[in-house]
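Okay, here's what each chain looks like letter by letter:
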Amino acid sequence: MKRFIDRHPFIARWIDRPHRSGKVLFGRYEIIEELGMGSYGIAYKGRDRDTGRLVVIKQARRTKGEDGRRLLQREADVLSRLRHPQIPARYDTFIEGGQPHLVMDYIDGQTVEDQIFGLGITYTEQAAFRLLLDVLDVVRYIHASGIVHRDLRIPNIIWRHGTVAIIDFGLACRMGERVDLRDDDPLEKRLRREPHPRSDFYALGHFTLFLLYSAYEPTSEDEKSWEEELDLSPKARAMLRKMLQLDAPYDHVDELIADVKQLLAENDLAQTRVL
Ligand SMILES: Nc1ncnc2c1ncn2[C@@H]1O[C@H](COP(=O)(O)OP(=O)(O)OP(=O)(O)O)[C@@H](O)[C@H]1O
């Protein structure tokens, strides 16, 4: 059953006591605005007064107790193992008001979620798989560092100056790490949280379906599967089925990258034939 404060967000917010704009934390980090309250942390856009840099400051939520502090620490640990221009760099951690805070690079851009739902941008099959390839390039680095992200969703992929960046490493873990998953957890949760690259491919299968559905115009009210509704090439359908583990899944990011490249080349060729 949900805890009392989880059922009463106003009370939770009062206990969490988010910082106000203009407050300076740790004698250095000025809060500009709150970006959002996540499941375990509150994220703010801020400015590092020492360097002038824009940063994101994440504060563990008081209402989440030890879990909030543990997850913030986990995100800090994962970020410190990763150094990549398309992943926020970890700058600092500190305690303020008894709560741990994490400071990282502010990725100034637009999430894919904002693009689709806010700006109404649509993706053809080719555009969707091109974006997937860009994301996989960063995922390859994450996996090579022994990390699985486990939360690759449209709000966590940001477009910045024509390249993508991946944020929100709060659920990331080391490959093969013992994780808090039980056999009686729902299948969807087990597929998304497995400490294996497969779980990232599974999430990216859903990510790609989101992109493809952005251009979908329903023709009837009947409930159909994505395979019936979307007009996809046989290769795209076969790849999505492997990502979603409906068929034998991909085991390594390079296998998936090779397939995406082949699909893009085939589609380009088919397009030139038509012209
Ligand atoms: N490094 C970053 N650069 C720019 N914006 C960020 C960054 N990290 C987080 N954000 C933004 O801050 C907001 C809150 O993010 P956060 O990851 O704390 O929680 P969430 O994704 O909303 O929820 P949850 O933690 O439950 O997944 C989101 O709008 C996200 O886009």
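Calculation notes
- Residues numbered from 1 in each chain as written.
- Predicted model: local features only at pLDDT ≥ 70, side-chain atom pairs only at ≥ 80, totals over all residues.
- UniProt positions renumbered as here; feature names shortened; annotations may be inferred.
- Core = buried A, V, L, I, M, F, W, Y, C linked by C-beta atoms within 7 Å.
- Buried ≥ 20, exposed ≤ 12 C-beta atoms within 10 Å, placed from the backbone.
- Domains from an automatic or database assignment.
- Contact = placed C-beta atoms within 7 Å.
- Helix = DSSP H or I, 4+ residues; strand = E, 2+ residues; numbered from the N terminus.
- Pairing = 2+ DSSP bridges.

Per an unreviewed UniProt entry, the protein chain goes by non-specific serine/threonine protein kinase and derives from Geobacillus thermodenitrificans. Database annotation for the protein chain, UniProt heading Sequence similarities (unreviewed entry): "Belongs to the protein kinase superfamily. NEK Ser/Thr protein kinase family. NIMA subfamily."

1. Here we look at the nonpolar core
Core analysis: the biggest nonpolar cluster contains 55 residues, and L132, V135, L136, A172, L204 and M243 have the highest contact counts within it. Three or more residues apiece are contributed to this core by two domains, here domain 1 (15-105) and domain 2 (112-274). In this structure M243 touches F201, Y202, L204, G205 and Y250, once residues within four positions along its chain are discounted.

2. Observations regarding the pairing of strand β4 (residues 54-60)
With five of seven residues buried, β4 is to be regarded as a mostly interior element. Two elements, strand β3 (residues 41-48) and β4, share seven bridges in a ladder whose sense is antiparallel. Residue pairing in the sheet places R47 in a bridge with L54 of β4. Hairpin connection, β3 to β4: the antiparallel pair is bridged by five residues, and G52 has positive phi, about 80°. Direction of pairing for β4 relative to strand β6 (residues 99-105): antiparallel, over a ladder of five bridges. If you follow V56 over to β6, its bridge partner there is M104.

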